[in-house]
Amino acid sequence: MELSRLDKLLEFIKNEPNDEFLKYALATEYLRLNEADKALSYYEDLINNHPNYVGTYYHLGKLYEALNRKQDAINTYENGMKVTKAKRDNHAFSELQAVYRQAMGIEEDDDY
């Protein structure tokens, strides 16, 4: 019997329980399988225990939005922008800024 991608990831995380990439991969896989509660658990673990793993902020924020938790999404984007700015990750910062502005209802033309 061939192991599913989820089964493989769960086996890997048994050996490396603090591996941030594996946690991220599990969150993404659970989201793909429409198991939002499990995905949320892994994304929130990453934010709490691996705050410099910048990819988490965008996906957790989007999940919060999908769960109608808009303020949690906005807070997540704000925190992510702080982390990416400190890390000088301009690409991730601009992606987070775009979804933050969208969540806040700020149009691009509002700056002018």
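How each quantity is defined
- Throughout, a residue's number is its position along its own chain's written sequence, starting from 1.
- Local features are withheld for residues below a pLDDT of 70 in this predicted model, meaning they are given only at 70 or higher, and side-chain atom pairs are given and counted only at 80 or more; totals for whole chains, interfaces and linings count all residues.
- With hydrogens and water excluded, all non-hydrogen atoms of the structure serve as input to the side-chain values.
- Here the axes come from fitting lines to C-alpha atoms, over the contacting stretch only for helices, and the angles between their N-to-C directions go from 0 to 180 degrees.
- The helix and strand labels rest on DSSP assignments: H or I over at least four residues marks a helix, E over at least two residues marks a strand, and numbering proceeds from the N terminus.
- Small angles under 35 degrees read as roughly parallel and large ones over 145 as roughly antiparallel, with 65 to 115 read as roughly perpendicular and the rest as oblique.
- In a left-handed crossing the near helix is turned counterclockwise from the far helix by less than a right angle, and in a right-handed crossing that turn is clockwise.
- In this analysis, two residues are considered to be in contact whenever any of their non-hydrogen atoms come within 4.5 Å of each other.
- Lys, Arg, Asp and Glu make up the charged group, whereas Ala, Val, Leu, Ile, Met, Phe, Trp, Tyr, Cys and Pro make up the nonpolar group; the residues left over, Gly among them, are polar.
- UniProt positions are given in the numbering used here, feature names are shortened, and annotations may be inferred rather than shown by experiment.
- Three exposure classes are used, based on accessible area relative to the maximum for each residue type with a 1.4 Å probe and protein chains only: buried under 20%, partly exposed in between, and exposed over 50%.
- It is the directions from the helix axis to the C-beta atoms that the arc portrays.
- Only buried residues count toward a nonpolar core, which is a set of Ala, Val, Leu, Ile, Met, Phe, Trp, Tyr and Cys residues joined through side-chain atoms within 4.5 Å.

Chemist: Honestly, the packing of helix α2 (residues 20-32) against helix α3 (residues 36-49) in this entry has me stumped. Any pointers?
Modeler: Between α2 and α3, the shortest axis-to-axis distance is 7 Å and the interhelical angle comes to 155°. As the angle between them shows, α2 and α3 are arranged roughly antiparallel. You can see that α2 and α3 cross each other, and the crossing is left-handed. Residues E20, K23, Y24, L26, A27, T28, Y30 and L31 of α2 form the contact with α3, whose participating residues are K38, A39, Y42, Y43, D45 and L46. Counted by class, the contact of α2 with α3 contains nine nonpolar, one polar and four charged residues.

Chemist: Explanation requested: the UniProt feature "repeat: TPR" (unreviewed entry) in the protein in the structure shown.
Modeler: In the numbering used here, UniProt assigns the "repeat: TPR" (unreviewed entry) feature to residues 20-53 and 54-87. With 79% helix and 0% strand, residues 20-53 has its two end C-alpha atoms placed 7 Å apart. Taken as a whole, residues 54-87 contains 85% helix and 0% strand, while its terminal C-alpha atoms sit 9 Å from one another.

Chemist: Could you clarify how one ought to interpret helix α1 (residues 5-15) in this entry?
Modeler: Side chains of residues three or four places apart in an α-helix project in the same direction, reflecting 3.6 residues per turn. Within the sequence span of α1, burial applies to L6, L9 and I13. Summarising the axial view, the buried residues of α1 lie within an arc of 60°, below the 170-degree limit, and thus occupy one face. In α1, the exposed positions angled more than 90 degrees off the buried face are occupied by K14 and N15. Looking at the buried residues of α1, the elements they touch are α2.

Chemist: Sorry, what's going on with the nonpolar core here?
Modeler: Side chains of a nonpolar character, in soluble globular proteins, are inclined to be buried together. The biggest cluster of nonpolar side chains holds 29 residues, and the ones touching the most others in it are L26, Y43 and Y77. Those elements giving two or more residues to this core turn out to be α1, α2, α3, α4 (55-66), α5 (70-86) and α6 (90-104). The leading source of residues in this core is α2, at six residues. Among all residues touching Y77, those that are not within four sequence positions of it are Y57, Y58, G61, K62, E65, L96, V99, Y100 and A103.

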